[in-house]
Amino acid sequence: TKIAMYNVSPVEVPYIDDWAKKNDVEVKTTDKPLTSENVDLAAGCSSISLKPLGPITEEIVYQKLHEFGVKCIGLRIVGFNTINFDFTKKYDLLVTNVPVYSPRAIAEMTVTQAMYLLRKIGVFRYRMDHDHDFTWPGDLISNEIYNLTVGLIGVGHIGSAVAQIFSAMGAKVIAYDVAYNPEFEPFLTYTDFDTVLKEADIVSLHTPLFPSTENMIGEKQLKEMKKSAYLINCARGELVDTKALIKALKAGEIAGAGLDTLAKESSYFGHKNVSEDDIPEDYKTLAKMPNVVITPHSAFYTKTSIRNMVQICLNDQLTIAKGGRPRTIVNQ
Ligand code: NAD
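Rules of the game
- Residues numbered from 1 in each chain as written.
- Predicted model: local features only at pLDDT ≥ 70, side-chain atom pairs only at ≥ 80, totals over all residues.
- Heavy atoms only, no water.
- Buried < 20%, exposed > 50% of the residue type's maximum accessible area, 1.4 Å probe, protein only.
- Helix = DSSP H or I, 4+ residues; strand = E, 2+ residues; numbered from the N terminus.
- Pairing = 2+ DSSP bridges.
- Right-handed = clockwise from strand over helix to strand, strands pointing away.
- Near = heavy atom within 4 Å.
- Polar contact = N/O pair within 3.5 Å; in protein donor to acceptor, adjacent residues only side chain to side chain.
- Nonpolar A, V, L, I, M, F, W, Y, C, P; charged D, E, K, R; others polar.
- Salt bridge = Lys/Arg side-chain N within 4 Å of Asp/Glu carboxyl O.

Examining the pairing of strand β6 (residues 149-153)
Moving on, step 1. Within β6, five of the five residues are buried, which leaves the element mostly enclosed by the surrounding structure.
Moving on, step 2. Neither face of β6 is open: one carries Thr149, Gly151 and Ile153, the other Val150 and Leu152, and all of them are buried.
Moving on, step 3. Sheet topology note: the β6/strand β7 (residues 172-176) ladder contains five bridges and is parallel. Bridged to Gly151 within β7 is Ile174.
Moving on, step 4. The parallel pair β6 and β7, bridged by helix α6 (residues 157-168), forms a crossover whose chirality is right-handed.
Moving on, step 5. Pairing analysis gives four bridges linking β6 to strand β9 (residues 202-205), with the strands arranged parallel. Bridge pairing in β9 places Leu152 opposite Ser204.

So, the site of the ligand
Moving on, step 1. If you check the shell around the ligand, you find 23 residues, and the closest are His157, Ile158, Asp177, Thr207 and Asp260.
Moving on, step 2. Between the ligand and Asp177 there is a distance of 2.6 Å, counted from an oxygen atom to a side-chain nitrogen or oxygen.
Moving on, step 3. Contacts to the ligand include Phe300, whose backbone N or O atom sits 3.2 Å from an oxygen atom.
Moving on, step 4. In terms of residue class, the shell around the ligand is made up of 13 nonpolar, seven polar and three charged.

Describing the pattern of salt bridges
Moving on, step 1. All chains considered together, the criterion is met by 18 salt bridges.
Moving on, step 2. Lys51 is the partner of Glu12 in a salt bridge, and the nearest nitrogen-oxygen pair spans 3.2 Å. Of this pair, Glu12 sits in the loop between β1 (2-5) and α1 (13-23) while Lys51 sits in the loop between β3 (47-50) and α2 (59-68), placing them 39 residues apart in sequence.
Moving on, step 3. Each of Glu219, Lys223, Lys247 and Glu253 takes part in one network of salt bridges that share partners.

Shown next as structure tokens:
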């Protein structure tokens, strides 16, 4: 069995080497994205694996993969909108993805941001850096997490991992989800959306982005939250109306925000040397606030995540090569 991997980053290499050795499979790699110029790397391979940054639009690429005998395009990520499904159908190519790789990675970032905000680290830091003020003013006194209520919107793979960690820390965890899962009852109490907003000291979002969840947190919802509450969004930027969030933070309607995702982030998150003009004003406004913590969609970025993305994808390709059925086929 031979597999060609595109878009390979240095952090993936040890996991690829390890997997290839253990499974006795030849894996050919390139750091380049798949194009008609380098599709030949896939000659003689039963599968290719991609982590595409942009859409793969050239028909010749799909046609050549078919001619080479490639059976599957294995995406090492969740998203698959970069693949042209008309061409995969025409050239008889399966497409797999990795929908779950490490819910704990995102859950741990959520907890980290919440604790950072709760202990007002950014605000202390700002006072030390800007004013050389090292004192403990009355308004910066913190609460301890076991006295607080954490409210989750969406408890799937990630939300439930967040609930487990916060409940292990002694917090009361309440949650709203359109679906009820009895397995999560030991560490959370299901309630309705408005109760989560009204009662939680930390409101954390963990739903997918759908038309029905876009801007689920706007002016009205922010007003329903406690003035002392923090909003965490490590899910998708568009779940929050950013303008309304900025307004609420400026007006002191909520105490702060932790954001690993922001609406329209793809033009700058994940890029370097981003020009001043390409950084949105909303980001600049939020980044200046000491009671806001922003990370560049890096919640997923752990060794475990990267290892799992590589291994789950390659395991699927090996299953296919042996005539079996992989865990997730996205185009059938
Ligand atoms: P999941 O599908 O396992 O869980 C989502 C949950 O949301 C489900 O239980 C579903 O019933 C619920 N839900 C759907 N619509 C809802 C609504 N309107 N109100 C309340 N609940 C609703 O997904 P997951 O793997 O836990 O991912 C959750 C979010 O995290 C997604 O938005 C995903 O894009 C994001 N994510 C972020 C990162 C990162 O690095 N920051 C990495 C991976 C995933």
